[in-house]
Amino acid sequence: MDHQHILKGKRILLVDDEPDILETLEELLYDCKTDSAATFESAVSFLKNNPYDAAILDIMGVKGYSLLKITHRLNIPSIMLTAHSLTPDNLKRSIEQGADAYVPKDKLVDISLFVADVLSARKQGENANSTWFSRLNPIFDKLFGKEWRTSDQAFWDEFDKR
């Protein structure tokens, strides 16, 4: 199915402390209704006052993990977006805390695909991990080294089963 069709009219909360990233996200998600927050506090206000189909949360600068706890509690599919926190530990932590995807900022151009994957999986009552992870695993291998999963092998084996 065309990913733009999945996104049409969806309400997405965008949270990042970099105005150019927020602007780029708004442009890339042109079929969506977006609200942009540059601070933790403004993101919390948006979450208190509006329903969302998904949230895109920067990890650094806006207390991304604290926001993830809130969006997870509200059952809002959430995508963690990062540049400076691009590590195996933060990837694992994001998954453990309920993120639906973990996307490096250098893959921002494909954000509509990741959001559509997450929304489609949620609609079908499935986990989106296999789709976004298969798209990004070669990048993780390149950045972290081929053996990066061995330090937490049990976790990644369980992740693969899901």
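Residues numbered from 1 in each chain as written. Predicted model: local features only at pLDDT ≥ 70, side-chain atom pairs only at ≥ 80, totals over all residues. Heavy atoms only, no water.

**Here's the deal with the packing of aromatic side chains**
Considering all chains together, one arrives at 12 aromatic pairs under this definition. Measuring from centroid to centroid gives 6.1 Å for Phe140 and Trp148, while their planes differ by 75 degrees, and the two rings are edge-to-face. Judged by its relative accessible area of 0%, Phe140 falls in the buried class. Among the residues examined, Trp148 registers a relative accessible area of 5% and is labelled buried. Site record: aromatic cluster; members linked through ring pairs are Tyr102, Trp132, Phe133, Phe140, Phe144, Trp148, Phe155, Trp156 and Phe159. Its end group placed over the ring of Phe40, Lys63 keeps NZ or CZ at 4.8 Å from the ring centre. Over the aromatic face of Phe155 sits the side chain of Lys92, whose NZ or CZ is 5.3 Å from the ring centroid. (Phe/Tyr/Trp six-rings, centres within 6.5 Å; stacked < 30°, edge-to-face > 60°. Buried < 20%, exposed > 50% of the residue type's maximum accessible area, 1.4 Å probe, protein only. Lys NZ or Arg CZ within 6 Å of the ring centre and 35° of its normal.)

**A look at the environment of His72**
Here His72 lies in helix H4 (residues 64-73). Put simply, His72 and Asp100 are 28 residues apart on the chain and 9.4 Å apart in space, counted from C-alpha to C-alpha. (Helix = DSSP H or I, 4+ residues; strand = E, 2+ residues; numbered from the N terminus.)

**Describing the pairing of strand S4 (residues 78-82)**
The element S4 is largely enclosed, with a buried count of five among its five residues. What joins strand S3 (residues 54-58) to S4 is H4, and the crossover it makes is right-handed. When S4 meets strand S5 (residues 101-104), the two strands line up parallel, connected through four bridges. From the neighbouring strand, Thr82 faces S5, where its bridge partner is Pro104. (Right-handed = clockwise from strand over helix to strand, strands pointing away. Pairing = 2+ DSSP bridges.)

**Let's talk about the pattern of salt bridges**
A complete count under the given rule lists 11 salt bridges for this structure. One salt bridge connects Lys105 with Asp58, and the closest N-O pair in it is separated by 3.5 Å. Of this pair, Lys105 sits in the loop between S5 and helix H6 (111-123) while Asp58 sits in strand S3, and the two are 47 residues apart along the sequence. Since its relative accessible area comes to 12%, Lys105 is described here as buried. Judged by its relative accessible area of 3%, Asp58 is buried. Across the salt bridge formed by Asp117 and Arg135, the nearest N and O atoms sit 2.8 Å from each other. Here Arg135 lies in helix H7 (residues 129-144) and Asp117 lies in helix H6, a separation of 18 residues in the sequence. (Salt bridge = Lys/Arg side-chain N within 4 Å of Asp/Glu carboxyl O.)

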